[in-house]
Each structure stands twice: as C-alpha cells, then as structure tokens.
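Single-letter residue listing:
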Amino acid sequence: MSRSVGWLRRQLAGVLALVLMAGLFLASQLPSASASEREELADRYRFTPTTISLPGGFPQQAIRRVNQDYSKIDAWISSVGSAIAMNDLDGDGLANDLCVTDPRTDQVSITPVPGQGGDRYAPFALRPDPLPMTKPMAPMGCAPGDFNEDGRMDLLVYLWGRTPILYLAKDGLTGLSAASYQPTELVPGNSARYEGPLWNTNAVAVDDFDGDGHVDIFVGNYFPHSAVLDDTVSGGVEMNDSMSHGVNGGEDYFFRFTGGTAGPTPTATFEQVGDVLPAEVSKGWALAAGANDLDGDHLPELYVAHDFGPDRLLHNRSTPGEIKFGLVESAVGRALVPKSKRIGLDSFKGMGVDFGDLDRDGRYDLFVSNITTSFGIEESHFAFIDGAKDNADLRRQFTEGRAPYEDRSAPLGLAWSGWGWDAKLADFDNGGELVVAQATGFVKGDVNRWPQLQELATANDELLRHPLWWPNVNAGDDIGGSQRLHFFVKGDDGRYVNVAGELGLDIPVPTRGIATGDADGDGRLDFAVARQWDEPVFYHNQSPSPGQFLGLRLVHDGQTEASGAGTAAPGSPVVGAQVRVTTAEGQTFVTRVDGGSGHSGKRSHEAHIGLGRDVTGPVRVDLRWRDRTGQVRQQELELTPGWHTLRLGTQAQER
C-alpha cells in the first residue's frame, strides 16, 4: 500500500499537469453552431447556380507543360490561373459582363452573365495579336478598369511568361467582340518577337497610389523571372528559399499613368517606377494584393499577401508623381501574441486579402486567407481588426511604423476552412452585416499527398529552392482537392458560421477567384466563382427577404458619352472613392470603389452597402474622392435607398 501511495506522490505533478491541460483544452474550445442555427442563418440567402457560356473551338488541357526541372511537381505548378471578374463592359449600366481566365484553354474570355440579357453578344476570347505570344505564356487573371480615361471599360490581363497586356476598348464599334479591343503593351518596347522580361504575375492592384487623380497599377510577381512554362528548357528556375521567409520570388513593380487617347486606335501609357519597395518586400512570393485608404488621408495603403513568408502592409506616403510607401508591422512585446499573428511578421501562406468593417465600428478591418487544413498544414486565416482610436491615431502609428491590428479570426469563427484563396467581404442580403465568401482547395486527384507535403514543410531551407528535392505532385495526386467554397455568415452572437452546405455552395472542387456585382440591378449582389481545372459558375442572388441598400455608380465628370454608333461609355469609375453612410437609426457603414483587390477575383466598381431591414427614409452619405487634378473633394448628400449614378468633379452631381 505504501509503495502505491509513494508512486502516486511521485506522479502527482504529471497527473495535475494532464488535468490542467485537459481543463484548458475544454475551456478553450470555440462554440459551434447547431444544425438548426445554421439553417436559420442560411434562410436569409438563396442563390441559383448557372453555367457560364464560354467560346469553343480551343484545344483543351488538363495540366500545364512546365520547365523540365518542374516536371515532378507539374500539378503544383498548374494549381493557379483560374480567374474571374464582373463589370459593365458594354455600357448598359449593369455589372452583367464577365471576364473569365480559364487554364483549360489558356484563354481570357468575355461573356454575358447567364440569364441576364445573355443574348446581347456572343462569348469571345480576347486576341493579343499583333502582340507577340508564345506557348510558354499563360494568362493568370483579368482586371477591368478605364486605363486610358475615355469612359470605356478596358481590361488588364496579367500572365506567366511575359509582361501584362492592356486591352483598350475602341470607340465607334457596335456591340462587344474581339475586335472591340486594342491590345497594348503595359511595358513598351516589345517587338514582333517577344524579347521582354519573363514575369510570372499572380497579383495586381489598381488605385491612385500617388494621389494625382489617375489610377496606377501594382504588379506582384510570384516565381522569379524565368521560363516556368517552357517545357523545352531544363533549368533557370527555382523554388522558394524558405517556407517561412522566402524572399527570392519575382520582383514587384508599380506603373504610373502618364497619358491616354480614345478613338478607334486608343492608347494608354504608364511609366514603370522602380525601387519603390525594399528587396525583402518586393521579392516575396505574391499571390494577392489589396489597396484601400485605411487612415483617411485619401492615399491607398497596399497589402501584399505572400506565399512562403510574411505578408506586407505598406503605408502610403506618396506625393503626386512619386510613389512611396513605408513598411508597417504589428508591435512587438505582447508575450501572448504569436509572431505569426502579427502583421508583417507572419510565416503563413498568404493567398487572398479583402477589406471591410467586420466589427461594425465604422473603420476598415482586413481578412487574409492562408492554409488551414487539419492533418495537413494547420495555420489560420487572419481577421485583423483595427485597434486605433480614430484615423488620426492610425495615421500617427502608421507613420511610426506600427500597425495597430489584432487578429481575432478564432473568436470570430473565421480562422479555419481549408487551403484558402480569394475572399470577398460583401453584404449579400442587405441585412447590414458582411459575409465572408472564400475560395479553398489546391490540387484534385486520387492519391493523398498531404504526408509528403508535411515532410516538405519541415525540410531544411537549404533544400527548398531546388525542385529536385520536392516530393512528386503530378496528375492524379491530391492535396485538398475536395475542399469547398465557404460562405461565412455572422450569427446573433457575433461569430461567423459557414452555411455553404445549407445553401448548396459546397461543391467538392478547388475554387480560386470570386467576383461580385449586381448583374440585374435589383440591389442584391450576385457572384461568380472561378474553379481550377473546372467550369466557372455564376450564382444569381434570389435572397427572399433582403433589406434596404444603397448602390452608387461613381464616375469622373467630363467623360465621353456614347459616340456615334459605338458602344456606350459608362464612365470612368472613381477608383478609391470613399463612402460613409449614416442612417436615421444611427447605423454607420463604410465602403469604397475597389480597383481590384484580391487573388484572382475582381468585384465590379460600384459601391454597394446593405442598410438593414429597419431603415426608413433617406440616409446621409459622406463622399470623399480625388478629382482629375488630384484635389481631394468632400461632399455630404442625402440619398434615398436604391441605385444612384453620380458624376464626381469639383462636386457630386446625380446623373
């Protein structure tokens, strides 16, 4: 008996430790919604899926041809390139046109939103000729914008294997077709044979970075400049030199608008600006980028999401004609906050970013997608909540190099979903709360390769840059291939719940880009999803009892209207314009005209705010924008709920 008592005394410390650990585990378990709670939340929404028509006649592929040094990981190299954007391309006043990038054909296609005047024109693929294109080039995404300031919507297509191409909308043509666009080099100097740099771009952001009244372009590259897709070449390529601090990716660039002309042969010129970012920032492995004015000075900050290393939040310190940023990071010294939960210091795999007011305090927060797969790679997504007192305090901390944001993804229910990609924050039922729609999934196949990927994640950094040491990821292999689209809705307790299953959105196919816009003008945001190596899909919003909304089409004053028999010019969107709405009931909402934030999905340029179900009468709208001279303008308006088109010059005028 005494020997048993002695043994128990010797083990007492261990027993108590196990009890304490078990207690802490149970106490720290986050609550989850019941089936009935999920059904109740899902009842607010209803979406009808529809197949998107694409032009036929192009050769099909199921995996990419890659540099011979990448042959054992060709499925990994083939895991991106599916993208989608919604916008008004034909000038009919609705965001009912899609720009679809499809890796199955390596084509960028323009097509009407299905069921919404889908017979307005036949789907067609953009033609880059006479610009030089070769087989080792492939499009990765499409960002709409008015890049020559003629009031017509152009397209920026970014690629692997070359510099981006601007497709400028021509004047004088009736209807949309491949002949409607003039292909133009963003980087001039290329001849009939491509001799430019071998960029591998996976992220762009469009905004007025220097505050001169004209949009600029950020180009974020992934692989080092090299022949990634040239299967006739062996060598000249590499992988990341670290899983947590990879800084050997492709260099990033900024382009300042310097001029443009309209007409049947439109032009646009941009000046390439070098040395804006330090090398350790510029040469991260960029997969997503987002721009938004966070501190109220009407210069957009830039968030760049990096694979294999720290994401970067860049405080805008530019002046007209000079683009300049300062790096800001979360404060150190908080013992209970892991390094990877701090802005600018994380080691996670950043793949998507968007801005929105998650905690309803009238200020922007950030949502960032990472890899969050149990028994795979379990990081977490980020829900960075702004902790500054006001804009002046945030600006002061930014100036001092600090980013006062706290990741609350776990208590908000947004920390885990899968291998995350694009994310869009939007109010789909006009109830006054943002939904987080998120794409997930990586490589779909039959053979589970998570164990090999786990081994790679713990490998010595000295081996990583050499593709030879990577485990095989080829056709038929699977890494998160059955992960599904997520649709996080805020519950009454303030936590988000994924109701994609209840809404029929959780198809087990890897998804990449998410585009949002009101295709039929009913005030309910529709959305379209790009799926990797599968058909894209359009979701028509038919939510049964939506609240009130305010929708603003904000265009620069003095733009071209319809010219002769040509397609109408909807106007040049005032990218970066800020909107603050206050209701008579005291609710405050913020949004902006987004130039194209995210991974490979681009929302339309309208500003949309769900006002809730209790709004009666007009709302107060505080508008802030830069006119074409770069002057910051501000105006307060009283507007009724619904859609409004405003021309913004020295003042706002309803059209």
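Each chain carries its own residue numbering, running from 1 in the direction its sequence is written. The model is predicted, so local features are restricted to residues of pLDDT at least 70 and side-chain atom pairs to those at 80 or more, both for listing and for counting; the totals for chains, interfaces and linings are taken over all residues. Heavy atoms from the whole structure form the basis of all side-chain values; hydrogens and water molecules are not counted.

> Would you explain the environment of D478 in this entry?
In this description a helix means any DSSP run of H or I spanning at least four residues, a strand means any run of E spanning at least two, and both kinds are numbered starting from the N terminus. Position of D478 among the secondary structure elements: in strand 25 (residues 477-478). Put simply, D478 and N448 are 30 residues apart on the chain and 4.9 Å apart in space, counted from C-alpha to C-alpha. Two N or O atoms count as a polar contact when they lie within 3.5 Å, although within protein this holds only if one can serve as hydrogen donor and the other as acceptor, and sequence-adjacent residues are included solely when both atoms are side-chain atoms. At 2.9 Å, the side chain of D478 and the backbone nitrogen of G445 are in polar contact.

> It is not clear to me how the pattern of salt bridges should be interpreted in this structure. Could you clarify?
One side chain can pair with another of opposite charge once the charged atoms of both are near each other. A pairing counts as a salt bridge when a side-chain nitrogen of Lys or Arg comes within 4 Å of a carboxyl oxygen of Asp or Glu. Counted by the stated rule, this structure contains 38 salt bridges. Among the salt bridges present, the one from R64 reaches D106, with a minimum N-O distance of 2.6 Å. Of this pair, R64 sits in the loop between strand 1 (47-51) and helix 3 (74-77) while D106 is found in the loop between strand 3 (97-102) and strand 4 (107-112), placing the two residues 42 residues apart along the sequence. Partly exposed describes any residue whose relative accessible area lies between the buried limit of under 20% and the exposed limit of over 50%, with all areas from a 1.4 Å probe on protein chains only and scaled to the type maximum. For D106, a relative accessible area of 23% gives the class partly exposed.

> Looking at this structure, I do not really get the sheet that holds strand 35 (residues 607-612). What am I missing?
Sheet strands associate in pairs through backbone hydrogen bonding, adopting either a parallel or an antiparallel arrangement. Spatially, four strands are ordered 35-31-38-39 in an open sheet, and the strand pairing comes out mixed. A strand with exactly one partner marks an edge of an open sheet, and here the two such strands are strand 35 and strand 39 (652-654). With strand direction ignored, the average angle separating the axes of adjacent strands in the sheet is 30°. DSSP bridges decide pairing: two strands pair if at least two such bridges lie between them. One ladder, built from three bridges, connects strand 38 (residues 642-648) with strand 39; its direction is antiparallel. The residue of strand 39 that forms the bridge with R647 is Q653. Note on geometry: axes are C-alpha line fits, over the in-contact stretch for helices, and angles between N-to-C directions span 0 to 180 degrees.

> What exactly am I supposed to notice about the domain arrangement of the chain here?
How big an interface is tends to be expressed through the accessible area that disappears when the partners come together. Where each domain starts and ends follows an automatic or database-derived domain assignment. Partitioning the chain into domains gives domain 1 (40-541) and domain 2 (548-654). For domain 1 and domain 2, the distance between their C-alpha centres works out to 23 Å. Both faces considered, domain 1 and domain 2 share a buried interface measuring about 4,700 Å² in area, 44% of it formed by carbon and sulfur atoms. Note: buried area is the sum, over both parts, of the accessible area (probe 1.4 Å) each one loses when the two are combined. For domain 1, the biggest contributors to the area lost against domain 2 are H298, Y364 and N430; these three give 13% of the whole. Across the contact surface, domain 1 and domain 2 share four salt bridges. Two residues, D354 and R592, come together in a salt bridge whose shortest N-O distance is 3.7 Å. One can count 35 residue pairs in polar contact (both at pLDDT 80 or more) joining domain 1 with domain 2. Every element with two or more residues in the side of domain 1 that touches domain 2 is listed here: strand 2 (83-87), strand 6 (138-145), strand 10 (201-207), strand 14 (285-292), strand 18 (352-356), strand 22 (420-426) and strand 28 (511-517). Considering only residue class, the side of domain 1 that touches domain 2 consists of 31 nonpolar, 25 polar and 23 charged. Here the nonpolar group is Ala, Val, Leu, Ile, Met, Phe, Trp, Tyr, Cys and Pro; Asp, Glu, Lys and Arg are the charged ones; every other residue, Gly included, is treated as polar.

> Help me understand the state of the cysteines in this model?
Every disulfide links exactly two cysteines, by a covalent bond between their sulfur atoms. Criterion for a disulfide: a pair of cysteine sulfur atoms within 2.5 Å. Tallying each qualifying case throughout the model produces one disulfide. The disulfide bridge from C99 ends at C142, spanning 2.2 Å between sulfur atoms. Taking the sign of the S-S torsion, about 110° here, the bridge from C99 to C142 comes out right-handed. Residue C99 is located in strand 3, and its partner C142 is located in strand 6; the two are separated by 43 residues in the primary sequence.

> Teacher, can you tell me more about the nonpolar core here?
Nonpolar side chains tend toward joint burial in soluble globular proteins. Working definition of a nonpolar core: buried Ala, Val, Leu, Ile, Met, Phe, Trp, Tyr and Cys residues. They are joined through side-chain atoms within 4.5 Å. Formed by 77 residues in total, the largest nonpolar core has its most connected members in W76, W419 and F487. Note on contacts: a residue pair qualifies if any of its non-hydrogen atoms lie within 4.5 Å across the two residues. In contact with W76, other than residues within four places in its own chain, are M239, F308, W419, F442, L453, W470 and V473. Counting 22 residues, the second largest nonpolar core, distinct from the first, contains L554, L611, V615 and L646.

> Explain helix 5 (residues 391-399) here, please?
The α-helix winds at 3.6 residues per turn, so residues separated by three or four positions along the chain end up facing the same way. Every buried residue of helix 5 is listed here: D393, L394, Q397 and F398. The buried residues of helix 5 occupy an angular sector of 135° when the element is viewed end-on, so they sit on one face. As for helix 5, its buried residues are in contact with strand 15 (301-307), strand 16 (312-316), strand 17 (325-328), strand 20 (382-386) and strand 21 (405-407). Between a side-chain oxygen at the N-terminus of helix 5 and the backbone nitrogen of A392 the separation is 3.2 Å; the capping residue is D390. One or two steps after helix 5, the chain reaches G401, where phi turns positive at roughly 90°. Directions pointing from the helix axis toward each C-beta atom define the arc.

> How do you make sense of the packing of aromatic side chains when you look at a structure like this?
Aromatic rings considered in pairs are described by the distance between their centres and by the relative angle of their planes. Pairing of aromatic rings covers Phe, Tyr and Trp, the last through its six-membered ring, and needs centres within 6.5 Å; plane angles under 30 degrees mean stacked, over 60 mean edge-to-face, and all others mean tilted. Counted by the stated rule, this structure contains 35 aromatic pairs. Aromatic pair F47 and F527: ring centres 5.2 Å apart, planes at 85°, arrangement edge-to-face. With F47 in strand 1 and F527 in strand 29 (residues 526-531), this residue pair connects regions lying 480 residues apart in the sequence. Neither F47 nor F527 differs from the other in exposure class; each is buried. Taking the centre distance of 5.3 Å and the plane angle of 85° together, the rings of W160 and F223 count as edge-to-face. In this pair, W160 is assigned in strand 7 (residues 154-160) and F223 in the loop between strand 11 (216-221) and strand 12 (253-261), connecting sequence segments 63 residues apart. Assessed through its relative accessible area of 1%, W160 is described here as buried. By way of ring pairs, the aromatic residues Y45, F47, F428, F487, F527 and Y539 are connected into one cluster.

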